[in-house]
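Geometric and topological summary
One-letter residues, chain by chain:
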Amino acid sequence: MSTTTTATKTVVFIHGLWLHAESWNKWIEFFRANGYDAIAANWPGDGETTEATRRNAKAVAGYGVTEIADHIAKQMKKIEQKPILIGHSFGGLLAQNLLARNLASAAIAIDP
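Since the structure is predicted, the reported quantities are computational estimates derived from the model, not experimental observations.

1. Examining the pairing of strand 2 (residues 37-40)
The sheet contact formed by strand 1 (residues 10-14) and strand 2 spans four bridges and is parallel. Bridge assignment links Phe-13 to a residue of strand 2, and that residue is Ala-40. Between the parallel elements strand 1 and strand 2, the chain passes through helix 1 (residues 25-33) in a crossover that is right-handed.

See below:
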């Protein structure tokens, strides 16, 4: 009998423009309840909460696709295995960008 263990797969959610990582909270709960590690990536300049980001909207301005993808890639380095990415809207484009860099095992782009 084999006693091979496999690490839990991690899902990284990526939000789109004018949103915050908190918008994925219910999905994170759902995926965790179903056996996945799940996190939401933040963008450069994001505050700790949606409200904090709204209070300082200029902090998220001026970043391009590459800069945002690089920022998310740094967060993904903490993950042992290549994660599954799920991104919505502009987050879907970022998921595709990161998958093309071979930083993820799979990606789902919702209305990229």
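Read on for the rest.
2. Brief notes about the layout of surface pockets
Empty space among the atoms becomes visible once a probe the size of a water molecule is rolled across them. By volume, the largest pocket is sized at about 320 Å³. In terms of lining, the largest pocket is formed by 17 residues, of which the most central are Leu-17, Trp-18, Leu-19, Thr-53 and Val-60. Looking at the lining of the largest pocket, the element that brings in the most residues is helix 2 (residues 50-55), giving three residues. Classifying every residue of the lining of the largest pocket by side-chain character gives nine nonpolar, six polar and two charged.

3. Let's talk about the side chain of Thr-10
Looking at the element boundaries, Thr-10 is found in strand 1. Leaving out residues up to four positions away in the same chain, Thr-10 has contacts with Asp-37, Ile-79, Pro-83 and Ile-84.

4. What about the packing of aromatic side chains?
Inspection of the entire model under this criterion finds six aromatic pairs. Three or more aromatic residues link up through ring pairs in this structure, and these residues are Phe-13, Trp-24, Trp-27, Phe-30, Phe-31 and Tyr-36.

5. Quick look at helix 4 (residues 90-100)
All buried positions along helix 4 are accounted for by Phe-90, Gly-91, Gly-92, Leu-94, Ala-95 and Leu-98. Where helix 4 is buried, its residues touch strand 1, helix 3 (65-76), strand 3 (84-88) and strand 4 (106-110). Asn-102 lies just past helix 4 and shows a positive phi near 65°.

6. Side note on the nonpolar core
Among the nonpolar cores identified, the biggest contains 16 residues, and Ile-14, Trp-43, Ile-72, Leu-85, Leu-94 and Leu-98 are the most heavily contacted of them. Secondary-structure elements contributing two or more residues to this core are strand 1, helix 3 and helix 4. The leading source of residues in this core is helix 3, at five residues.

7. Digging into the sheet that holds strand 3
Strand order in this open sheet of four strands is 2-1-3-4, and the pairing throughout is parallel. Strand pairing shows two members of the sheet lacking a second neighbour, strand 2 and strand 4, which therefore form its edges. Between one strand axis and the next, the sheet turns through 15° on average, direction left out of account. Sitting on the sheet, helix 1 touches strand 1, strand 2 and strand 3, and the angle it makes with strand 2 is about 165°.

8. A closer look at the environment of Gly-16
Along the chain, Gly-16 falls in the loop between strand 1 and helix 1. According to the relative accessible area criterion, Gly-16 is buried, its value standing at 2%. Ignoring sequence-local partners within four residues, the contact set of Gly-16 consists of Trp-43, His-88, Ser-89, Phe-90 and Gly-91.

9. Let's talk about the pairing of strand 3
Here strand 1 pairs with strand 3 via four bridges, running parallel. Note on strand 3: the bridge partner recorded for Val-12 is Leu-85. Relative to strand 4, strand 3 runs parallel, the two sharing five bridges. Residue pairing for strand 4: Ile-86 is matched across the bridge by Ile-108. Crossover strand 3 to strand 4 through helix 4 is right-handed.

Cut-offs applied
- Residues numbered from 1 in each chain as written.
- Predicted model: local features only at pLDDT ≥ 70, side-chain atom pairs only at ≥ 80, totals over all residues.
- Heavy atoms only, no water.
- Pairing = 2+ DSSP bridges.
- Helix = DSSP H or I, 4+ residues; strand = E, 2+ residues; numbered from the N terminus.
- Right-handed = clockwise from strand over helix to strand, strands pointing away.
- 1 Å grid on protein atoms, 1.4 Å probe; cavity = no way out; pocket = protein on both sides within 12 Å on 5 of 7 lines; lining within 4 Å.
- Points joined across faces, edges and corners; volume = space filled by probe spheres on them.
- Nonpolar A, V, L, I, M, F, W, Y, C, P; charged D, E, K, R; others polar.
- Contact = heavy atoms within 4.5 Å.
- Phe/Tyr/Trp six-rings, centres within 6.5 Å; stacked < 30°, edge-to-face > 60°.
- Buried < 20%, exposed > 50% of the residue type's maximum accessible area, 1.4 Å probe, protein only.
- Core = buried A, V, L, I, M, F, W, Y, C linked by side-chain atoms within 4.5 Å.
- Axes fitted to C-alpha atoms, helices over the stretch in contact; angles between N-to-C directions.

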